[in-house]
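Listed below are the residues making up each chain.
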Amino acid sequence: MMSSVLLSLLIIILNLLPHICTSEEDPDRHRHIYIVNFSGHPISVSWIHPVTRKREIQHDGPHLANGATLSRNSFKTHEFEITELPSTRTNLCLDGGIETCRNEYFTMDERKDQVVYVRAGFVLDHTVVKTSPKQMAEWIAAVTIIFQTALVLAWMKAGKKGKRTLKIKYRPPPPKPKPDRKKKEE
């Protein structure tokens, strides 16, 4: 009787042991990751399960478009795979003559608020956010308000002139004058 109770207790402890040893409730293990796609191609981002090595896609749509950002909570030591996806037009992964789609991997490390930039040539740049996410959100909100205000003012100005459409033209700054070489020689 006592041996069956001990055996049951041992089985329970052995079943709980992996969860105790790898508890993801430790606040020191929590990390935040931003994945920014500047590769020029659509990509897929997958989390790799540490035991089964099964991939779980992390984005909601079919891919992460060029110029898009994916934000996720994760833990240090978690691994991710980034896969280049073929062009929808040509169905090829062509970048510099390479016709096969590439995979790159990165592992979450000790740093908080990590950023992985997927750059042209399918190069990963793993770094950290220099500002806090709250500061970043406040900055984006401020820039958005400024841009919206500028659009409204331009629209109102265009309306006063009787125009129905609003044309925004970018005017680059004037070139800097070159120094006169004759004055230097004298």
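The structure under discussion appears in the preceding block.
Residues numbered from 1 in each chain as written. Predicted model: local features only at pLDDT ≥ 70, side-chain atom pairs only at ≥ 80, totals over all residues. Heavy atoms only, no water.

(A) Highlighting the overall build of the protein. Secondary structure assignment for the protein yields three helices and eight strands. The buried share of the protein, reckoned over its 186 residues, is 22%. Taking as baseline every contact in the protein between residues at least 6 positions apart, the subset at least 24 positions apart corresponds to 57%. With the model as given, the accessible surface of the protein reaches about 14300 Å², and the carbon-plus-sulfur share is 61%. (Helix = DSSP H or I, 4+ residues; strand = E, 2+ residues; numbered from the N terminus. Buried < 20%, exposed > 50% of the residue type's maximum accessible area, 1.4 Å probe, protein only. Contact = heavy atoms within 4.5 Å. Areas by Shrake-Rupley, 256 points an atom, 1.4 Å probe, with all protein chains shown as cover.)

(B) Layout of the side chain of Ser39. Assignment of secondary structure puts Ser39 in the loop between strand E1 (30-37) and strand E2 (43-48). Side chain to side chain, Ser39 and Asn37 meet in a polar contact 2.7 Å long. Apart from residues no more than four positions distant in its own chain, Ser39 is found in contact with Asn66, Val118, Arg119, Ala120 and Phe122. (Polar contact = N/O pair within 3.5 Å; in protein donor to acceptor, adjacent residues only side chain to side chain.)

(C) Seen up close, unusual backbone geometry. We note that Arg53 has phi near 65°; this positive angle belongs to a residue other than glycine. Mapped onto the fold, Arg53 is located in the loop between E2 and strand E3 (55-57). Backbone geometry at Asp113 places phi at a positive 45°, although glycine is not the residue there. Here Asp113 is to be found in the loop between strand E6 (103-107) and strand E7 (114-119).

(D) Region of interest: the sheet that holds E7. Taken in spatial order, the four strands line up as E4-E1-E7-E8 in an open sheet, and their pairing is mixed. Each edge of the open sheet carries a strand with a single partner, namely strand E4 (69-75) and strand E8 (123-128). Taken over all neighbouring pairs, the strand axes of this sheet differ in orientation by 20° on average, direction set aside. (Pairing = 2+ DSSP bridges. Axes fitted to C-alpha atoms, helices over the stretch in contact; angles between N-to-C directions.)

(E) Geometry of the packing of aromatic side chains. Scanning all chains against the criterion turns up two aromatic pairs. For the ring pair Phe38 and Tyr117, a centre distance of 6.1 Å and an interplane angle of 10° mean the geometry is stacked. Taken together, the residues span a long stretch of sequence, with Phe38 in the loop between E1 and E2 and Tyr117 in strand E7 at a distance of 79 residues. Here the aromatic rings of Phe80 and Phe106 are separated by 5.2 Å at their centres, their planes lie at 10°, and the arrangement is stacked. (Phe/Tyr/Trp six-rings, centres within 6.5 Å; stacked < 30°, edge-to-face > 60°.)

(F) Local environment of the pairing of E8. Note: E7 against E8, six bridges, orientation antiparallel. Within E8, the position partnered with Arg119 by the bridge is Val123. Linking two consecutive strands that pair antiparallel, namely E7 and E8, is a turn of three residues; a positive phi of about 80° is found at Gly121 within it.

(G) A look at the sheet that holds E3. The sheet built from four strands is open, its strands ordered E3-E2-E5-E6 with antiparallel pairing. Strands at the two margins of the open sheet, each flanked by one partner only, are E3 and E6. Going across the sheet, the axis of each strand differs from the next one's by a mean of 30°, ignoring polarity. Relative to E6, strand E5 (residues 79-84) is paired through five bridges, and the arrangement is antiparallel. Across the sheet, Phe80 pairs through a bridge with Phe106, a residue of E6.

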